[in-house]
Amino acid sequence: MTSVRMAISEFRRLTAGRLPALAVLAIALIPTLYASLYLWANHDPYGKLGSVQAALVVDDVPAQSAQAGEVHAGRDIAHDLEEDGSFDWREVSDAEAARGVEDGTYLFALTIPRDFSSALASTSDFEPRQAQLVLTTNEANNYLSATIADQVLTRVSSSIAANVSEKAASAFLLGFSTLHDQLSQAGEGAQRLADGLGDARAGAGQLQAGAEQLSAGQQQLLAGQQELGDGLGQAAAGAHQLRDGSAQLAAGARQVADGNAEIARIADAVAGASRATNGNLGRIRSDIEQSLIDAGVPADERAAILQRLDSLAAPLDDLDTRIQTTAGELDRLAEGSRQVADGADRLAAGSTRLADGLDAATAGNARLVGGQQEALSGSQQLASGAGELAEGLETADAGAQRLADGLRDGITSIPDLDDQRREDTASTIASPITTKDVAQASADTYGAGLAPFFLSIGAWVGAYVMFLLVRPLSNRAIAARQSPLSTALGGWLTPAAIAVVQTVVMLLVVRFAVEIDWVRAGYVAALLALVGVTFVAIVHTLNAWLGPVGQLLGLVLLVLQLASAGGTFPWQTLPPVLQAVHHVLPMTYAVDGLRHLMYGASLEGLPRVVAVLSAYLVGCLALTCAAAYRRRLWRVSQIKPEIAL
């Protein structure tokens, strides 16, 4: 009997009757039910979170910031969350939120405290405080609630941080622009300062030269002043002598004036008498002549006397003239003497004032000499200070020029941004990294990501339940001494064919009913068929060798592969023992191969997957052949097994 005929015979046995046929149909559908129901339930859970109610408590009070104006971050966050629609947000009170999370009405609660905006505004006012969001979860409602809520909180915190950072960066860059303008002005001012210091240095040089000239002139002035002091001393001594002599002169002149006045008075009296006598000379002659006549003097004597008298008229007239002249001169002399006396008095008074003035001038000159000496010292200090000033100004000029050059160079390293560039730069600083998803292979949904794992599990479950009905080896073939290979293949072909049907139905339901799509559908079907027949071979071998114990070990292997296949989390996160198991058991390669085929990844590792599964298939068939050969010797355990299913 060939292997094919044995397989057909076994299939007829399984389908002989309505209930057995239904049982075979159920076995064919069990993998589909297992995989499709779970994948259907978890097809896209993240896409349906919008129907999950979450509590939102907004206690935040808007804050005022000197830099940012009014900040109402709490209300902005609430608006953004409600607009986002990632959850069914319900804005409630603190008490209602706590009660709702406790009784399961809300998956979690997000509370925005009263000081949230003021804490965010504190950064702009350089009094930083961290803002806090309060997340309330209850894993008694769902153990993933905390994980989901933490992701929401992380996303909200990142968004707020980026927004706050963008505002802070914008203000920071605005300060840079202001600093650029101010440094530009400072650079211009420094250049003007350098130019001014250069002019001041030249002026200081001129000041030094002028101060040296002033010092030299001051020395000459001091020498002249000292000579003037000596001359003033001599003049003062002469003035004192002049004062004393003029006093004596004034006294003598006054006496002379008084004497001359007396002489002039006498002379005036004599002149008056002379004038009177000379004026009365004719009357006197007539009186004398009458007296002579009365005396009886003869005419000839009388004539002689009168002749003598007439001869005196001319001399008397001359005398009167001289007397009058002399009297006038004496009057003028007296007047001149008086004027001389007055002048001598004035000279005495002037010489006294001159002496006093020269004394004062001498004293003043002495003080002036002292002042000139101080001025000379000051001019010398001025010349020295002007030299030091010139040197200092030269150093300052060099420093100011370096400052101007440094500011000019520094300005080039400070950004001068317009409004648009400042906003773009602030946005980039706040979020300096953007992610670019380069998906070498990707699953569209959460269910698609789990599909390779659960399809593999479904294939194993299908192989496992199959041997609840299927006999691993035909006792009739063994009794008839059929070839162990034919016996092994005959026992394997029927469940293998059913396994292929299982995988095809499972793929069709998952693709069209659950609507999980994938690429390389033909390759996926072929590989899953290989997986199914390989798993059948493994469970077949266990049952052929160990019977019911082997069936139990098939369940143990399923559990072990669920833990080690890496169908959900990366296998590197497994404990070391399970990592070792991961590389050995076949479901690892089934999941890996299905992932690469379904997601459109590289097929470089596919030959290795096929080789491992084929090795398991061939190896298990070989072991089953050995079991068939071994069972040709009947044992008591075969006739009456200790455990029967």
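Above this text you will find the structure in question.
Being a predicted model, the structure only gives us computed values, none of them experimental.

Asker: Looking at this structure, how should I read the environment of Arg155?
Answerer: With respect to the helices, strands and loops of the structure, Arg155 is situated in helix α6 (residues 145–279). Judged by its relative accessible area of 43%, Arg155 is partly exposed. Once you skip the residues sitting within four places of it in the chain, Arg155 turns out to touch Asp84 and Ser86.

Asker: Help me out: how do you make sense of the side chain of Thr541 in this one?
Answerer: Summarising the element assignment, Thr541 is placed in helix α14 (residues 521–546). Note on Thr541: relative accessible area 6%, which makes it buried. Contact partners of Thr541, with chain neighbours within four places excluded, come to Cys620, Leu621, Leu623 and Thr624.

Asker: Is there a simple way to explain the pairing of strand β1 (residues 53–58) in this structure?
Answerer: Two faces make up the sheet, and in a regular strand the side chains alternate between them. Summarising burial for β1: five of the six residues are buried, a large majority. Pairing of β1 with strand β4 (residues 88–91) involves four bridges; the strand directions are parallel. Bridge pairing in β4 places Ala54 opposite Trp89. Two elements, β1 and strand β5 (residues 108–112), share four bridges in a ladder whose sense is parallel. Bridge assignment links Ala55 to a residue of β5, and that residue is Ala109.

Asker: Explanation requested: helix α3 (residues 73–84) in the structure shown.
Answerer: Quick reminder: α-helices carry 3.6 residues per turn. Residues three or four places apart thus point the same way. End to end, α3 covers 16 Å across twelve residues, agreeing with the expected 16 Å (1.5 Å per residue, within 8%). The complete set of buried residues in α3 reads Ala73, Gly74, Ile77, Ala78 and Leu81. All buried residues of α3 fall inside an arc of 140° around its axis, so they share one side. Where α3 ends, the next residue or the one after it, Gly85, has phi of about 70°, a positive value.

Asker: Could you clarify how one ought to interpret the packing of aromatic side chains in this entry?
Answerer: In the structure shown here, the tally under the stated rule is five aromatic pairs. Measuring from ring centre to ring centre gives 5.8 Å for Phe87 and Trp89, while their planes differ by 70°; the resulting arrangement is edge-to-face. Grouping residues by exposure puts Phe87 and Trp89 together as buried. Taken together, a centroid distance of 5.5 Å and an interplanar angle of 70° make the contact between Phe453 and Phe454 edge-to-face.

Asker: Hey, could you run me through a nonpolar patch on the surface in this one?
Answerer: Taken together, Trp545, Leu546, Val549, Leu552, Leu553, Leu555, Val556, Val559 and Leu623 make up a surface patch of nonpolar side chains, about 750 Å² in accessible area. Contributions of two or more residues to the nonpolar patch are made by α14 and α15 (548–564). Looking at which element gives the most residues to the nonpolar patch, the answer is α15, with six residues. Checked against the element boundaries, Trp545 lands in helix α14.

Asker: Hey, could you run me through unusual backbone geometry in this one?
Answerer: Phi is mostly negative for residues that are not glycine, and the peptide bonds are mostly trans. In the Ramachandran plot, Arg520 falls in the positive-phi region, its phi being about 55° despite a non-glycine side chain. Tracing the backbone shows Arg520 in the loop between α13 (484–513) and α14.

Asker: Explain the pattern of salt bridges here, please?
Answerer: It is possible for side chains bearing opposite charge to pair when their charged atoms get close. Enumeration according to the criterion identifies two salt bridges in this entry. One salt bridge in this structure joins Arg75 and Glu91, with 3.0 Å as the shortest N-O distance. Of this pair, Arg75 sits in helix α3 while Glu91 sits in strand β4, placing them 16 residues apart in sequence. Here Arg75 falls in the partly exposed class, since its relative accessible area comes to 42%. Here Asp88 makes a salt bridge to Arg90, at a shortest N to O gap of 2.9 Å. Take Asp88: its relative accessible area is 23%, and that puts it in the partly exposed class.

Asker: Just to check I follow, could you spell out the nonpolar core for this structure?
Answerer: In summary, soluble globular proteins display a tendency toward joint burial of nonpolar side chains. If you look at the biggest cluster of nonpolar residues, it comprises 54 residues, and the most contacted ones within it are Leu455, Trp492, Leu527, Val531, Phe535, Met587 and Met598. Elements with a minimum of two residues in this core: α11 (446–466), α13, α14, α17 (586–598) and α18 (606–630). When residues in this core are grouped by element, the largest group, 14 residues, is from α11. If we ignore the near neighbours within four places in the chain, the residues touching Leu527 are Gly593, Leu594, Leu597, Leu606, Val609, Val610 and Leu613. In this structure, Ala54, Phe116, Ala121 and Ala149 belong to the second largest nonpolar core, which totals 25 residues.

Asker: Is there a simple way to explain a negative patch on the surface in this structure?
Answerer: On the surface, a cluster of negative charge is made up of Asp76, Asp80, Glu82 and Glu83. By the element assignment, Glu83 lies in helix α3.

Asker: Before we go on, may I ask you to explain the pairing of β5 in this structure?
Answerer: The element β5 is extensively covered by neighbouring structure, given that five of its five residues are classed as buried. Side-chain alternation along β5 places Phe108, Leu110 and Ile112 on one buried face and Ala109 and Thr111 on a second face that is also buried. Here four bridges tie β5 to strand β6 (residues 134–137), and the two strands are oriented antiparallel to one another. Looking at the pairing, Phe108 lines up with Thr137 of β6.

Asker: Where do I start with the packing of α13 against α18 in this structure?
Answerer: When two helices pack together, their arrangement is captured by the angle between the axes and the distance separating the axes. At a minimum axis distance of 8 Å, the contact between α13 and α18 shows a crossing angle of 120°. In this view, α13 runs oblique relative to α18, as classed from their interaxial angle. Crossing angle aside, the handedness with which α13 passes α18 is right-handed. The segment α13 lies against α18, with Pro484, Leu485, Thr487, Ala488, Leu489 and Trp492 engaging Leu617, Leu621, Thr624, Cys625, Ala628 and Tyr629. Across the contact of α13 with α18, the residue classes tally to ten nonpolar, two polar and no charged.

Asker: Just to check I follow, could you spell out the packing of α14 against α18 for this structure?
Answerer: Running from N to C, α14 and α18 cross one another at 30°; their axes reach a closest spacing of 8 Å. Compared by their axis directions, α14 and α18 come out roughly parallel. In this structure, α14 crosses over α18, and the sense of that crossing is left-handed. Partitioned by chemical class, the residues of the contact of α14 with α18 number 19 nonpolar, five polar and one charged.

Asker: Help me understand the sheet that holds β6 in this model?
Answerer: Backbone hydrogen bonds are what pair the strands of a sheet, in a parallel or an antiparallel way. An order of β4-β1-β5-β6 is seen for the four strands of this open sheet, with the pairing classed as mixed. Both edges of this open sheet fall to β4 and β6, since each of them pairs with a single strand only. On average, adjacent strands in this sheet sit at an angle of 25° to one another, irrespective of strand direction. Along the sheet face, α3 touches β1, β4 and β5 and points at about 165° away from the line of β1. Along the sheet, helix α4 (residues 94–103) makes contact with β1, β5 and β6, crossing β5 at roughly 160°.

What counts and what doesn't
Residue positions are given per chain, counting from 1 as you read along its sequence in written order. Owing to the predicted nature of the model, reporting of local features is limited to residues with pLDDT of at least 70; listing and counting of side-chain atom pairs is limited to 80 or more, with chain, interface and lining totals taken over all residues. Computation of side-chain values: all heavy atoms of the structure, hydrogens and water removed. Working definition: helices are DSSP H or I runs of at least four residues, strands are E runs of at least two. Numbering for both runs from the N terminus. Classification of residues uses two cut-offs on accessible area relative to the type maximum, computed with a 1.4 Å probe and protein chains only: under 20% is buried, over 50% is exposed, and between them is partly exposed. Contacts are assigned to residue pairs that have any heavy atoms within 4.5 Å of one another. Only when DSSP finds a minimum of two bridges between them are two strands counted as paired. A helix is expected to reach a length of 1.5 Å times the quantity of its residues less one. As used here, the arc is the angular range of directions from the helix axis to the C-beta atoms. Only Phe, Tyr and Trp rings take part, Trp by its six-membered ring, and two of them pair if their centres are within 6.5 Å. Stacked means planes under 30 degrees apart, edge-to-face means over 60, and tilted covers everything else. Each patch is built from residues that are more than 30% exposed by relative accessible area and take part in no salt bridge. Like charges join if they lie within 9 Å; nonpolar side chains (Val, Leu, Ile, Met, Phe, Trp, Tyr) join within 5 Å. Accessible areas in this description were obtained via Shrake-Rupley with a 1.4 Å probe; residue shielding takes into account the shown protein chains only. Salt-bridge detection follows one rule: a side-chain nitrogen of Lys or Arg within 4 Å of a carboxyl oxygen of Asp or Glu. Definition of nonpolar core: a set of buried residues of the types Ala, Val, Leu, Ile, Met, Phe, Trp, Tyr and Cys, connected through side-chain atoms within 4.5 Å. Positive charge is attributed to Lys and Arg, negative charge to Asp and Glu, and no charge count is given to His or to the chain ends. Lys charges are placed at NZ, Arg charges at CZ, Asp charges at CG and Glu charges at CD. Fitted lines through C-alpha atoms serve as axes, helices being fitted only where they are in contact, and the angles separating the N-to-C directions of these axes extend from 0 to 180 degrees. For this classification, under 35 degrees means roughly parallel, over 145 means roughly antiparallel, 65 to 115 means roughly perpendicular, and everything else is oblique. Should the near helix be turned anticlockwise from the far one by less than a right angle, the crossing is left-handed, and should it be turned clockwise, the crossing is right-handed. Asp, Glu, Lys and Arg are counted as charged, while Ala, Val, Leu, Ile, Met, Phe, Trp, Tyr, Cys and Pro are counted as nonpolar; the rest, among them Gly, fall into the polar class.

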